Amino acid sequence: MRSHELTPGRTFGVVFDHGENFFETLNAFCRTNNVRQGYIPMFIAGFAHVDIVGTCEQLTDPLAPVWSKVHLTNVEAVGGGTIAHDEANDTISPHVHVSVGLKEHSATGHTSHLLAAEVQFLTEMVLVEITSPQMRRIPNPALYDVPLLHFDREE
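Residues numbered from 1 in each chain as written. Predicted model: local features only at pLDDT ≥ 70, side-chain atom pairs only at ≥ 80, totals over all residues. Heavy atoms only, no water.

*Asks:* Please provide a residue-by-residue account of the UniProt feature "domain: PPC" (unreviewed entry) in the protein chain, values included.
*Replies:* Listed under "domain: PPC" (unreviewed entry) in the UniProt record, and renumbered for this structure, are residues 6-152. End-to-end, the C-alpha atoms of residues 6-152 are 11 Å apart, and along that stretch the chain is 8% helix and 64% strand. (UniProt positions renumbered as here; feature names shortened; annotations may be inferred. Helix = DSSP H or I, 4+ residues; strand = E, 2+ residues; numbered from the N terminus.)

*Asks:* Explain the environment of L72 to me, using residue names and the numbers behind them.
*Replies:* Along the chain, the position of L72 falls in strand β3 (residues 69-86). On the basis of relative accessibility, which here comes to 8%, the residue L72 falls in the buried class. For the pair L72 and H49, spaced 23 residues apart in sequence, the C-alpha to C-alpha distance is 5.5 Å. Apart from residues no more than four positions distant in its own chain, L72 is found in contact with A48, H49, V50, I52, V100, L102 and H110. (Buried < 20%, exposed > 50% of the residue type's maximum accessible area, 1.4 Å probe, protein only. Contact = heavy atoms within 4.5 Å.)

*Asks:* I'd like a rundown of the environment of S112, residues and numbers included.
*Replies:* By the secondary structure assignment, S112 is in strand β5 (residues 108-132). Sequence spacing of S112 and V75 is 37 residues, and the spatial spacing of their C-alpha atoms is 14 Å. Beyond its immediate sequence surroundings of up to four residues, S112 is in contact with I52, V53, V96, H97 and V98. Engagement of the side chain of S112 in a polar contact is seen with the backbone oxygen of V53, the distance being 2.6 Å. (Polar contact = N/O pair within 3.5 Å; in protein donor to acceptor, adjacent residues only side chain to side chain.)

*Asks:* Lay out the pattern of salt bridges with the relevant residues and their values.
*Replies:* Taken as a whole, this structure holds five salt bridges when the rule is applied. Across the pair R36 and D90 runs a salt bridge whose closest N-O atoms are separated by 3.8 Å. Of the two residues, R36 is situated in the loop between α1 (22-33) and β2 (38-53) and D90 in the loop between β3 and β4 (91-102); the sequence distance between them amounts to 54 residues. Residue classification places R36 among the partly exposed residues on the basis of a relative accessible area of 41%. Looking at D90, the relative accessible area reads 58%, which means it is exposed. Close ionic contact of R136 with D152 constitutes a salt bridge, the shortest N to O distance being 2.7 Å. Of this pair, R136 sits in strand β6 (residues 135-140) while D152 sits in the segment after β7 (146-151), placing them 16 residues apart in sequence. (Salt bridge = Lys/Arg side-chain N within 4 Å of Asp/Glu carboxyl O.)

Structure follows, in structure tokens:
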């Protein structure tokens, strides 16, 4: 386990507009407001389409991460996540999970890691900036190179 006391900075309410690309808009917001790291306690959204991690195929290694995607359309979503700083590319490295319901299929639900999304009507988000410690993602070779969240000054 890793933990570190977080020092919160500014708290933002962010509204994404119809037709916007979720991650491009999140990146633009962070760049405009100089937010390098933080967390998203929750957001609600309508998405025209999403790509989330998933598969219908049998897994050769059930312990390995799934890298394939499932494409869903016309969904309602609730989600949250973290934002770390990607030093190499001087950008943010978001990690967002969502639960989505397919509107035309009795709101049948799917939950997974969000890979891509286009806003349909709205996305309303609370984003809390973290001023310290620095949060970054470090690939772990012992765990399939999954980039795990780390805090500077960890023991």
